[in-house]
Amino acid sequence: MSWVDLLAHWVLIEADLHERYGVDVEDRALMRARSWRWLQTRILGLLSVQSRLRRALRLDQKDDDHGAEAG
């Protein structure tokens, strides 16, 4: 999965960042004070928890499909 794929869901990322981490991406002072790595870490973190982004990318469905094969 590429960053283009992820960032195509920016609205969901923005909502998840606020809900999960309290990050307001519209806070220019905060965003300028933080590095790309800081933001990248949080966005990637959304893939490992229940999030809008994870649902949009159907990662939960892939987990279910994989689990069904193993079981």
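A short tour of the structure in this document, coming up. Just so it is clear, the structure is predicted and the values come from calculations on it, not from any experiment.

**So, the packing of aromatic side chains**
Per the stated rule, a full pass over the model turns up 1 aromatic pair. Between the aromatic rings of W3 and W36, the centroid separation amounts to 5.2 Å while the plane-to-plane angle is 65 degrees, which identifies the pairing as edge-to-face. One end of the pair, W3, is in helix α1 (residues 3-7); the other, W36, is in helix α4 (residues 36-45), and 33 residues separate them in sequence. A relative accessible area of 27% means that W3 is categorised as partly exposed. Residue classification places W36 among the partly exposed residues on the basis of a relative accessible area of 46%.

Rules used in this analysis
Residues numbered from 1 in each chain as written. Predicted model: local features only at pLDDT ≥ 70, side-chain atom pairs only at ≥ 80, totals over all residues. Heavy atoms only, no water. Phe/Tyr/Trp six-rings, centres within 6.5 Å; stacked < 30°, edge-to-face > 60°. Helix = DSSP H or I, 4+ residues; strand = E, 2+ residues; numbered from the N terminus. Buried < 20%, exposed > 50% of the residue type's maximum accessible area, 1.4 Å probe, protein only.

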